[in-house]
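Listed here are the chains, written in short residue letters.
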Amino acid sequence: MNNIEVAHASPGRIRIKSPLWKNHKTIGERLRVWATEEQSVIEAVHNIDTGSILIRYHTFAPINPESIEAWLIRLIRES
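The rules behind each value
Residues numbered from 1 in each chain as written. Predicted model: local features only at pLDDT ≥ 70, side-chain atom pairs only at ≥ 80, totals over all residues. Heavy atoms only, no water. Helix = DSSP H or I, 4+ residues; strand = E, 2+ residues; numbered from the N terminus. Rg over C-alpha atoms; globule rule 2.2 N^0.38 Å. Buried < 20%, exposed > 50% of the residue type's maximum accessible area, 1.4 Å probe, protein only. Contact = heavy atoms within 4.5 Å. Expected span 1.5 Å × (residues − 1). Arc of directions from axis to C-beta.

**Focus on the overall build of the protein**
Phase 1: Each helix and strand counted, the protein has 2 helices and 4 strands in total.
Phase 2: For the protein, the succession of helices and strands along the chain, N to C, is β-β-α-β-β-α.
Phase 3: Its C-alpha atoms give the protein a radius of gyration of 11 Å, within 12% of the compact-globule value 12 Å for 79 residues.
Phase 4: Dimensions of the protein, computed from C-alpha atoms along their principal axes, come out at roughly 30 × 20 × 20 Å.
Phase 5: When burial is assessed residue by residue, the protein has 34% of its 79 residues classed as buried.
Phase 6: Taking all contacts inside the protein whose residues are at least 6 apart in sequence as the whole, residues at least 24 apart take part in 50%.

**Here we look at helix α1 (residues 25–36)**
Phase 1: Over its 12 residues, α1 runs 17 Å from end to end, which matches the ideal 16 Å to within 8%, given 1.5 Å per residue.
Phase 2: Every buried residue of α1 is listed here: I27, G28, L31, W34 and A35. Down the axis, α1 shows its buried residues gathered within 135° of arc, on one side only.
Phase 3: Of the surrounding elements, those touching the buried residues of α1 are β3 (41–47), β4 (52–57) and α2 (65–78).

**With respect to unusual backbone geometry**
The phi angle of most residues is negative, glycine excepted, and most peptide bonds adopt the trans form.
Phase 1: For N23, which is not a glycine, the phi torsion comes out positive at approximately 55°.
Phase 2: For N23, the location among the structural elements is in the loop between β2 (13–17) and α1.
Phase 3: A relative accessible area of 62% places N23 in the exposed class.

Structural data, given as structure tokens:
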């Protein structure tokens, strides 16, 4: 329904994307803020042209997949 997918994942980086995030600054900013609330997250960057969010995190404290799922569920509910 929301066409959200993991575009790339490697130790310390994950990129998630959705065509719904293209040219939508508010959605990207919400995800960026929520991601950076996690202690393990170094930075989160929204690419408005591709509709993706790149999240860089400390490899000694990986992001919990449930956290990412919670951000996305929150985003869907608030949109």
